[in-house]
Amino acid sequence: MRHVRTLILASALTLLAAVFPAVCPAQAEVRLLAFGDSLVYGSGLTPPEGFVPQLEAWLHANGATDVVVLNAGIPGETTAEGLARIGQTLEETRPDAVLVALGANDLLRGLSTARMFSNLDGILHTVSTEDLPALLAGLPAPPTWRRDDRATYRETFRTLAEEHDAIFVPTFFSGMSGQGIAGVRRMMQPDGIHPNAEGVQANVAAIGPSVLALVDRARDRGAK
């Protein structure tokens, strides 16, 4: 009788395995906060053309299908305003990693670069205090600056990222670098400030690998 029951149980398990095949556990969602200004928000573009949707689509196409990119861009925002809201934004969104892209409005308004870097330092400090991996996207220095000043500016961005163990991308406009004047104009909106859909696509493709590295850091943190 015991042998018969064993055979029945084995047959039942075989049938269940056939009807309900093994399912791999779903991979935990990785929440990536894109924190910035109109460049992150996607001003002048339709929703699918913006930085955040294009970045998420690029990540999914390159294997990171578990990533959700959260749009925390506010048009016109300066680094001071970003510093004032970063704590609350982290509390409300609960991200696993943060991409910081701020400073363009400071430069456009001629605000102090020393204050700009101090604010960025405060933003990254707040992020690191929450034990979140970060990526800092730099910005090109105004071409009217002296060569030495531009070099110091670029190095300050890099040093700031290193101090907070953040991944560093030299410029948010990486995909448009080296395109020449005609190429850059083709990738810009009529305002000459914001990239168009083509420009965003190029920039996303250029910084995408660095964002994948940021996602890997978030996964490593979650596994601990």
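**Student:** Describe the nonpolar core, naming the residues involved and giving the relevant values.
**Tutor:** In terms of nonpolar packing, the biggest core is built from 61 residues, with Leu32, Phe51, Leu55, Leu59, Leu120 and Phe172 touching the most fellow members. The residues touching Leu59, leaving out its near neighbours within four places in the chain, are Leu32, Ala64, Thr65, Val67, Val69, Val211 and Leu212.

**Student:** Outline the layout of surface pockets, listing residues and values.
**Tutor:** Taken as a whole, the largest pocket encloses approximately 690 Å³ of empty space. Around the largest pocket, the lining is made up of 24 residues, and of these Pro140, Ala141, Phe173, Gly192 and Ile193 lie nearest the centre. Of all the secondary-structure elements, those providing two or more residues to the lining of the largest pocket are α2 (38-41), α5 (104-108) and α8 (180-186). The element best represented in the lining of the largest pocket is α5, accounting for four residues. When the residues that make up the lining of the largest pocket are grouped by side-chain class, the tally is 15 nonpolar, six polar and three charged. Approximately 220 Å³ is the volume attributed to the second largest pocket. Lining the second largest pocket are 11 residues, with Asp131, Leu132, Pro133, Arg217 and Arg221 positioned closest to its centre. Grouping the amino acids of the lining of the second largest pocket by side-chain chemistry returns three nonpolar, two polar and six charged.

**Student:** Break down empty space enclosed by the protein for me, citing the residues and quoting the values.
**Tutor:** Taken as a whole and judged by the stated rule, the model has one cavity of 30 Å³ or more. Roughly 50 Å³ of internal volume is contained in the largest cavity. Residue lining of the largest cavity: Ser38, Leu39, Gly42, Ser43, Leu45, Gly50, Phe51, Gln189, His194, Pro195 and Val200, and that is the complete set. Of the residues contributing to the lining of the largest cavity, the split by class is five nonpolar, six polar and no charged.

**Student:** Go over the sheet that holds strand β3 (residues 97-101) with me, naming the residues and quoting the values.
**Tutor:** A sheet is described by the order of its strands in space; here five strands give the open sequence β2-β1-β3-β4-β5, paired in parallel fashion. Because the sheet does not close on itself, it has two edges, and the strands there are β2 (67-73) and β5 (167-169). With direction set aside, neighbouring strand axes in the sheet form an average angle of 20°. Two strands pair when backbone bridges link them, and strand β1 (residues 30-36) and β2 are joined in this way by seven bridges, in the parallel orientation.

**Student:** Now, about the packing of aromatic side chains: what can you tell me, with residues and values included?
**Tutor:** The tally for this structure, following the rule as stated, stands at seven aromatic pairs. When the ring of Tyr153 is compared with that of Phe157, the centres are 5.3 Å apart and the planes differ by 85°; the resulting orientation is edge-to-face. Separated by four residues within a single helix, Tyr153 and Phe157 lie in helix α7 (residues 147-163), roughly one turn from each other. Judged by its relative accessible area of 3%, Tyr153 is buried. A ring pair is formed by Phe157 and Phe168, whose centres lie 6.5 Å apart and whose planes are at 25°; its orientation type is stacked. One end of the pair, Phe157, is in helix α7; the other, Phe168, is in strand β5, and 11 residues separate them in sequence. Classification of Phe168 as buried rests on a relative accessible area of 18%.

The rules behind the values
Residues numbered from 1 in each chain as written. Predicted model: local features only at pLDDT ≥ 70, side-chain atom pairs only at ≥ 80, totals over all residues. Heavy atoms only, no water. Core = buried A, V, L, I, M, F, W, Y, C linked by side-chain atoms within 4.5 Å. Buried < 20%, exposed > 50% of the residue type's maximum accessible area, 1.4 Å probe, protein only. Contact = heavy atoms within 4.5 Å. 1 Å grid on protein atoms, 1.4 Å probe; cavity = no way out; pocket = protein on both sides within 12 Å on 5 of 7 lines; lining within 4 Å. Points joined across faces, edges and corners; volume = space filled by probe spheres on them. Helix = DSSP H or I, 4+ residues; strand = E, 2+ residues; numbered from the N terminus. Nonpolar A, V, L, I, M, F, W, Y, C, P; charged D, E, K, R; others polar. Pairing = 2+ DSSP bridges. Axes fitted to C-alpha atoms, helices over the stretch in contact; angles between N-to-C directions. Phe/Tyr/Trp six-rings, centres within 6.5 Å; stacked < 30°, edge-to-face > 60°.

Bear in mind that shape data such as this cannot, by itself, settle questions of function.
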